[in-house]
Amino acid sequence: MRKFYIFNINDEFTILNNDNGFDLYKQMESIHNLDKDNFYNAIKLYETIAHTIDKNYLNKEIYKKYKDNYFYTKYKNTHMINNYYRKEESKLTINKAYLILESNVIKPTFLKDLKNKCLFACDFDNKDYFWLDKLAN
């Protein structure tokens, strides 16, 4: 099961890191790994790198797209797909600061709904990262 944190990166950092996201990944990893004593510093660093996510808009858009899908369920800000034929179990949790996508497949269904040039995904456990618009291509 892979767990991706998806961030809405601001335009300046997107332009600077569009070709190679390693530096951006290392910055996001350092924020992720900061202890609770440095919470204020983590927030300030995050605010310079990323924008917040319009949680209500994204929840509505994903719900509208999948509400009639037999494999789809939703509870509050969590969207799930359990497709028995594709053997996919994916869970997308929408927070104001980031999205969490957990899945057992390489290309979860929700990725095609998140095509945006500023969305950057990090899997801190497996040291993996990518821009969502480049994955779709």
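**A closer look at helix 2 (residues 22–33)**
Reasoning step 1: Compared with the 16 Å implied by 1.5 Å per residue over twelve residues, the 16 Å span of helix 2 between its first and last C-alpha is a close match.
Reasoning step 2: For helix 2, the set of buried residues is Leu24, Tyr25, Met28, Glu29 and Ile31. One face of helix 2 carries all of its buried residues, which in axial projection span an arc of 160°. Exposed and facing more than 90 degrees away from the buried side of helix 2 are Asp23 and Asn33.

**Describing the side chain of Asn83**
Reasoning step 1: Inspection of the secondary structure assignment puts Asn83 in strand 4 (residues 78–83).
Reasoning step 2: Separated by 3.0 Å, the side chain of Asn83 and the backbone nitrogen of Tyr85 make a polar contact.
Reasoning step 3: Not counting the four nearest positions on each side in its chain, Asn83 is found in contact with Phe71 and Glu88.

**Concerning the nonpolar core**
Reasoning step 1: Ile6, Ile62, Leu92, Leu99, Phe110, Leu114 and Leu132 are the most contacted members of the largest nonpolar core, which totals 20 residues.
Reasoning step 2: Of all the secondary structure elements, the ones that give two or more residues to this core are strand 1 (2–9), helix 4 (55–66), strand 5 (88–94), strand 6 (99–103) and strand 7 (119–123).
Reasoning step 3: Per element, the largest residue contribution to this core is three residues, and it comes from helix 4.
Reasoning step 4: By size, the runner-up hydrophobic cluster in this structure holds 16 residues, among which are Met28, Ile31, Ala50 and Cys122.

**Looking at helix 3 (residues 39–49)**
Reasoning step 1: Turning to helix 3, its buried residues are Ala42, Tyr46 and Ile49. Considered in projection along helix 3, the buried side chains sweep an arc of 60° and stay on one side of the axis.
Reasoning step 2: On its buried side, helix 3 packs onto strand 1, helix 1 (11–17), helix 2 and strand 2 (50–51).

**A short note on the environment of Glu12**
Reasoning step 1: Locating Glu12 in the fold gives a position in helix 1.
Reasoning step 2: Separated by 21 residues in sequence, Glu12 and Asn33 have C-alpha atoms that sit 23 Å apart.

**Let's talk about the packing of helix 2 against helix 3**
Reasoning step 1: Closest axis-to-axis distance for the helix 2/helix 3 pair is 10 Å, and the angle between their directions is 155°. Between helix 2 and helix 3, the angle falls in the class roughly antiparallel. In terms of crossing hand, the pair formed by helix 2 and helix 3 is left-handed. Here Leu24, Gln27, Met28, Ser30 and Ile31 of helix 2 come into contact with helix 3, specifically with Ala42, Leu45, Tyr46 and Ile49.
Reasoning step 2: Residue composition of the contact of helix 2 with helix 3, by class: seven nonpolar, two polar and no charged.

**A short note on the pattern of salt bridges**
Reasoning step 1: Summed over all chains, the structure comprises nine salt bridges.
Reasoning step 2: For Arg2, the salt bridge identified is with Asp123, shortest N-O distance 2.6 Å. Of the two residues, Arg2 is situated in strand 1 and Asp123 in strand 7; the sequence distance between them amounts to 121 residues.
Reasoning step 3: We classify Arg2 as partly exposed; its relative accessible area is 28%.
Reasoning step 4: Glu29 is paired through a salt bridge with Lys127; the nearest N and O atoms lie 2.9 Å apart. Note that Glu29 is positioned in helix 2 and Lys127 in the loop between strand 7 and strand 8 (128–131), a separation of 98 residues in sequence.
Reasoning step 5: According to the relative accessible area criterion, Glu29 is buried, its value standing at 7%.
Reasoning step 6: Looking at Lys127, the relative accessible area reads 53%, which means it is exposed.

Conventions we followed
- Residue positions are given per chain, counting from 1 as you read along its sequence in written order.
- Local features in a predicted model are, by the rule used here, given only for residues with pLDDT of at least 70; side-chain atom pairs are given and counted only at 80 or more, and totals for whole chains, interfaces and linings are based on all residues.
- Derived side-chain values reflect all non-hydrogen atoms in the structure, with water molecules and hydrogen atoms excluded from consideration.
- The numbering of helices and of strands both runs from the N terminus, where a helix is a DSSP run of H or I of at least 4 residues and a strand a run of E of at least 2.
- Each helix should span, by expectation, one fewer than its residue count multiplied by 1.5 Å.
- Here's how the labels work: a residue is buried when its accessible area is under 20% of the maximum for its type, exposed when over 50%, partly exposed in between, all with a 1.4 Å probe on protein chains only.
- It is the directions from the helix axis to the C-beta atoms that the arc portrays.
- A 3.5 Å cut-off defines polar contacts: any pair of N or O atoms within that distance qualifies, except that in protein one atom must be a possible hydrogen donor and the other a possible acceptor, and neighbouring residues in sequence count only when both atoms are side-chain atoms.
- Two residues qualify as a contact provided that any one of their heavy atoms is within 4.5 Å of a heavy atom in the partner residue.
- Note on terminology: a nonpolar core comprises buried Ala, Val, Leu, Ile, Met, Phe, Trp, Tyr and Cys residues joined through side-chain atoms within 4.5 Å.
- Fitting a line to C-alpha atoms yields each axis, with helices limited to the stretch in contact; the angle taken between N-to-C directions then spans 0 to 180 degrees.
- Roughly parallel refers to an angle under 35 degrees, roughly antiparallel to one over 145, roughly perpendicular to one between 65 and 115, and oblique to any angle outside these ranges.
- A crossing counts as left-handed when the near helix is turned anticlockwise from the far one by less than a right angle, and as right-handed when that turn is clockwise.
- All residues other than Ala, Val, Leu, Ile, Met, Phe, Trp, Tyr, Cys, Pro, Asp, Glu, Lys and Arg, Gly among them, are scored as polar; the first ten of these are nonpolar and the last four charged.
- By definition here, a salt bridge exists when the distance from a side-chain nitrogen of Lys or Arg to a carboxyl oxygen of Asp or Glu is within 4 Å.

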